[in-house]
Amino acid sequence: MGEPKQLLPVHGRPLLETALAAACESQLDEVLVVLGAHADEIRRSVRLGRARVVINPDYAQGMSTSLKAGIAALGINVARAVVILGDQPDVSAEIVDRLLETQAVSGLPAAALSFDGLLHPPAVLARELWSDIDALEGDVGCRALVRAHPELVAAVAADRPGGHPIDIDTREDFERLAADPA
């Protein structure tokens, strides 16, 4: 994109701040934000709320390293984690809470959003799945994990019109979001 996408302005604030606000407003006991490239600039520009920063020095090796860094930073008493991507501005505290509740009630070790029958983050991952994260390499993350084991995942249907998540991966994605008056 030529600039840190976490800092792109979405509805009057940086993109990452939107995801962090949802996490901080949810029922989560603890919120971590994993930063890699441009970490200092992001820290200066984004209101982190109650989030604790974890630095991923291996970020250039792909998103799997950020997922591993975040999981490694959790305490031994943490039973489950919610993985929220910083580039999905439609994620809300209500979605996070619904995922937590669905996973707890289902008895399954994971819960994730479902769009057109495909599982996507954000996702809840119980500790029993964390060892599978160690096997991930390169630019893959939570999405690959939940799709590899759909039988272990309680699906939560997305509310979004059209059923597709907004993921800001390209300049075109950002321009499409910026044109949306919501």
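Please refer to the structure placed before this passage.
Predicted, not measured: the structure shown is a model, and the values here were computed from it.

What counts as what
Residues numbered from 1 in each chain as written. Predicted model: local features only at pLDDT ≥ 70, side-chain atom pairs only at ≥ 80, totals over all residues. Heavy atoms only, no water. Helix = DSSP H or I, 4+ residues; strand = E, 2+ residues; numbered from the N terminus. Rg over C-alpha atoms; globule rule 2.2 N^0.38 Å. Buried < 20%, exposed > 50% of the residue type's maximum accessible area, 1.4 Å probe, protein only. Areas by Shrake-Rupley, 256 points an atom, 1.4 Å probe, with all protein chains shown as cover. Lys, Arg positive; Asp, Glu negative; His and termini not counted. Charge placed at Lys NZ, Arg CZ, Asp CG, Glu CD. Pairing = 2+ DSSP bridges. Salt bridge = Lys/Arg side-chain N within 4 Å of Asp/Glu carboxyl O. Disulfide = S-S within 2.5 Å. 1 Å grid on protein atoms, 1.4 Å probe; cavity = no way out; pocket = protein on both sides within 12 Å on 5 of 7 lines; lining within 4 Å. Points joined across faces, edges and corners; volume = space filled by probe spheres on them. Core = buried A, V, L, I, M, F, W, Y, C linked by side-chain atoms within 4.5 Å. Contact = heavy atoms within 4.5 Å.

(A) Region of interest: the overall build of the protein. Scanning the protein from N- to C-terminus turns up seven helices and eight strands. A compact globule built from 182 residues would reach a C-alpha radius of gyration of about 16 Å, and the protein, at 15 Å, matches this within 12%. Relative to its 182 residues, the protein shows a buried fraction of 47%. Split by element, the accessible area of the protein, about 9300 Å² in all, is 51% carbon and sulfur. Here the protein contributes 16 positive and 27 negative side-chain charges, whose respective centroids are spaced 3 Å apart.

(B) View of the pairing of strand S7 (residues 118-126). Along S7, eight of the nine residues are buried, which leaves the element largely enclosed by surrounding structure. Strand direction decides the pairing type here: strand S5 (residues 80-83) and S7, joined by four bridges, are antiparallel. When the sheet's bridge partners are listed, Ala81 is paired in S7 with Leu125. Strand direction decides the pairing type here: strand S6 (residues 110-115) and S7, joined by six bridges, are antiparallel. Bridge pairing in S7 links Ser114 to Leu119.

(C) Quick look at the pattern of salt bridges. All chains considered together, the criterion is met by three salt bridges. In this structure, Asp87 engages Lys5 in a salt bridge whose closest nitrogen and oxygen atoms are separated by 2.8 Å. Residue Asp87 is located in the loop between S5 and helix H4 (93-106), and its partner Lys5 is located in the segment before strand S1 (9-10); the two are separated by 82 residues in the primary sequence. With relative accessibility at 8%, the residue Asp87 sits in the buried group. A relative accessible area of 26% means that Lys5 is categorised as partly exposed. Between Arg47 and Glu17 there is a salt bridge, with its nearest N and O atoms 2.8 Å apart. Of the two residues, Arg47 sits in the loop between helix H2 (39-45) and strand S4 (52-55) while Glu17 sits in helix H1 (residues 15-25), which places them 30 residues apart along the sequence. Classification of Arg47 as exposed rests on a relative accessible area of 60%. Its relative accessible area of 4% is what places Glu17 among the buried residues.

(D) Examining the state of the cysteines more closely. Considering all chains together, one arrives at zero disulfides under this definition. Take Cys24: it sits in no disulfide, and the sulfur closest to it among the cysteines is that of Cys142, at 19 Å. For Cys24, a relative accessible area of 18% gives the class buried.

(E) Local environment of empty space enclosed by the protein. Scanning the model with the defined rule gives one cavity of 30 Å³ or more in all. Size it by volume and the largest cavity reaches roughly 40 Å³. Around the largest cavity, the lining residues are Ala110, Leu125, Leu129, Leu145, Val146, His149, Leu152 and Val153.

(F) Expanded view of the nonpolar core. Among the nonpolar cores identified, the biggest contains 28 residues, and Leu20, Leu28, Val31, Val33, Leu35 and Leu99 are the most heavily contacted of them. Counting only elements with at least two residues in this core, the list comes to H1, strand S3 (32-35), H2, H4, S6 and strand S8 (153-157). At five residues, the largest contribution of residues to this core is made by H1. Among residues more than four places away in sequence, those in contact with Leu99 are Ala111, Ala112, Leu113, Pro122, Ala123, Val124 and Val156. Counting residues in hydrophobic clusters, the runner-up holds 19 residues, among them Leu67, Val78, Ile133 and Val146.

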